Amino acid sequence: MSTRLSRRSVIFLLFALSSLTLAATGKRFLTQLRAASYWFSQNVLFKFAKKITFETATPESFDISSAQLNQLTTALKAKNTHSFIVVKNDKIIHEWYGDKDGMHDKHRIASGAKAIVGGFALAIALNDQLIDIQEFAATYVPQWESHPQKSKITIEQLARHSSGLENAEENGQYGPQLEGWKGNYWRNRENRWKISIDQAPLIFSPGTGYTYSNPGTSALSYIFARIFSTTSLANVKQALQTKVMKPLGIPDYAWSINYGGEPFRANDMDLYYIDGGAAFTARALARLGEVMLNKGKWQGKTILTEEVVSTLVDYNGRPSPDTLSNFPSPGLLWHTNANNTFPSLPKDAFIAAGASHQILCIIPSLDIVIVRMGDELGPAQWYEEYWQDLESLLFQPIMSAVNNLSNTD
């Protein structure tokens, strides 16, 4: 009898192993199929997809100097810029591409994803009343419920970099070479959300200071996954596609998120990171800039409410200006110029910014949108030099072209 049972056990074990092998093979096949489908849509179907179109106008029709914009383009080309667009009154007045990128090529936007992917995801959640920025993050992160300090972190504080969660950097250095949880954060992309929630320490009480925090936005990525998983939108990508990209006429080939398009799995949910990993064409960014410029409206359609857009790009004095050091004042996942970090720009300007100076800048008072993508303009450090180079090498020359047409006559 024991022999008979042993044989049954062996048969059962072989059957189980076969089932697991088939399941794993099927999973790999589906993963490969999704990857092939994504590659095909990004590299073949785009040739047949509707392109992102703009009306055009001359700079001089708006009293802006084309000569100075051309001079700036030459200087930007020398700084390894790949694309440069200036939009005025919803018309492209200047557009240039280098040898590496063309009109239909995506370029990584690094931390620009915080404003573009995260900002629009937050906007959708606010627009659809799925979230309140004053909610405690612990509502969606059970691990924080019993923590004496993390239980007090709000959605707003995560979005304004005032949660107190330490950044995953040491002395201005980022990357997998770091020790401890910080290096693990960069090495383990799939579980970055979990490392942020479970291991990133607080360096000040929530709401009392400012520290730019990649782990804070990774935690917010997890919160967005939870929020959208309970709706028909399912996840961040589908939310963006349904609520923003399709209504704006931005085709699938023109954007990707999450380090290549595929979601990570987090507690049986699709998780798309909002802190990096996205790529957009320059025109896609310009179109997104237009809807922000126009307070949520596009060609008679309301994409987002004016109240939601204002909430995203408003600096309400929190955290206190004296905690910001040399950083622009924080909106919700956007950088704002309320504290005059960029003296050449009006104070109502707001910016999506990523490493190596991937820039989307919106200036409502001038009705201008600026896109610049490429390699770093100067020292690619996310500190004072980064913002200084952006001011001197991009914003000052553009504002000179806008304000000093008479100097070129």
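Each residue is numbered by its place in its chain's sequence as written, counting from 1. Selection of residues for local features in this predicted model requires a pLDDT of at least 70, selection of side-chain atom pairs for listing and counting requires 80 or more, and totals for whole chains, interfaces and linings are taken over all residues. Side-chain metrics in this entry use all non-hydrogen atoms of the structure; hydrogen atoms and water are not considered.

## Points about the packing of aromatic side chains
Here's step 1: Only Phe, Tyr and Trp rings are paired, with Trp represented by its six-membered ring, and only when their centres lie within 6.5 Å; those with planes under 30 degrees apart are stacked, over 60 edge-to-face, the remainder tilted. As enumerated under the stated definition, the model contains 13 aromatic pairs in all.
Here's step 2: With a centroid separation of 5.8 Å and an interplanar angle of 80°, the aromatic rings of Tyr-174 and Trp-186 are classed as edge-to-face. With Tyr-174 in the loop between helix H4 (155-159) and helix H5 (180-187) and Trp-186 in helix H5, this pair connects stretches of sequence that are 12 residues apart.
Here's step 3: The buried label goes to any residue with under 20% of its type's maximum accessible area, the exposed label to any with over 50%, and the partly exposed label to all in between, with areas taken from a 1.4 Å probe on protein chains only. Owing to a relative accessible area of 25%, Tyr-174 belongs among the partly exposed residues under this scheme. In this text, helices come from DSSP runs of H or I with a minimum length of four residues, and strands from runs of E with a minimum of two, each type numbered from the N-terminal end.

## Regarding helix H3 (residues 112-127)
Here's step 1: To estimate how far a helix should reach, multiply one less than its number of residues by 1.5 Å. Taking 1.5 Å of rise per residue, the 16 residues of H3 would be expected to cover 22 Å, and the 21 Å separating its terminal C-alpha atoms lies within 8% of that figure.
Here's step 2: Along H3, the sharpest kink reaches roughly 30°, centred on Gly-119.
Here's step 3: Counting buried residues along H3, 15 of its 16 residues qualify, which places the element largely inside the surrounding structure. Fitting axes to the seven residues ending at a residue and to the seven starting there, one defines the bend at that residue as the angle between these axes.

## A short note on the packing of helix H2 (residues 66-78) against helix H11 (residues 384-403)
Here's step 1: Simply put, an axis is a line fit to the C-alpha atoms, just over the touching stretch for a helix, and the angle between two N-to-C directions goes from 0 to 180 degrees. Between H2 and H11, the shortest axis-to-axis distance is 9 Å and the interhelical angle comes to 165°. Judged by the inter-axis angle, H2 sits roughly antiparallel to H11. You can see that H2 and H11 cross each other, and the crossing is right-handed. Contacts from Gln-68, Leu-69, Leu-72 and Leu-76 of H2 reach H11 at Leu-393, Leu-394, Pro-397, Ile-398, Ser-400 and Ala-401.
Here's step 2: Split by residue class, the contact of H2 with H11 holds 8 nonpolar, 2 polar and no charged. Any angle between 65 and 115 degrees counts as roughly perpendicular, while under 35 counts as roughly parallel, over 145 as roughly antiparallel, and the rest as oblique. Handedness of a helix crossing follows the sense of rotation of the near helix relative to the far helix, less than a right angle counterclockwise being left-handed and clockwise being right-handed. We call two residues in contact whenever any of their non-hydrogen atoms come within 4.5 Å of each other. Note on residue categories: nonpolar means Ala, Val, Leu, Ile, Met, Phe, Trp, Tyr, Cys or Pro, charged means Asp, Glu, Lys or Arg, and polar means any other residue, Gly included.

## Quick look at the sheet that holds strand E2 (residues 81-88)
Here's step 1: Taken together, 8 strands build an open sheet; the order of strands is E1-E3-E2-E15-E14-E13-E12-E11 and the sheet is mixed. One side of each edge strand has no neighbouring strand; the edge strands of this open sheet are strand E1 (55-56) and strand E11 (329-330).
Here's step 2: In the sheet, strand E14 (residues 358-363) pairs with strand E15 (residues 368-374) via 5 bridges, with the strands oriented antiparallel. Its bridge partner lying in E15, Ile-363 is registered against Ile-368.
Here's step 3: Each of E2 and strand E3 (91-97) is contacted by H2, which is oriented at about 155° to E2, the strand it contacts most.
Here's step 4: Relative to the sheet, H3 contacts strand E13 (350-354) and E14, its axis offset from that of E13 by approximately 115°. In this scheme, strands are said to pair when DSSP sees at least two bridges between them.

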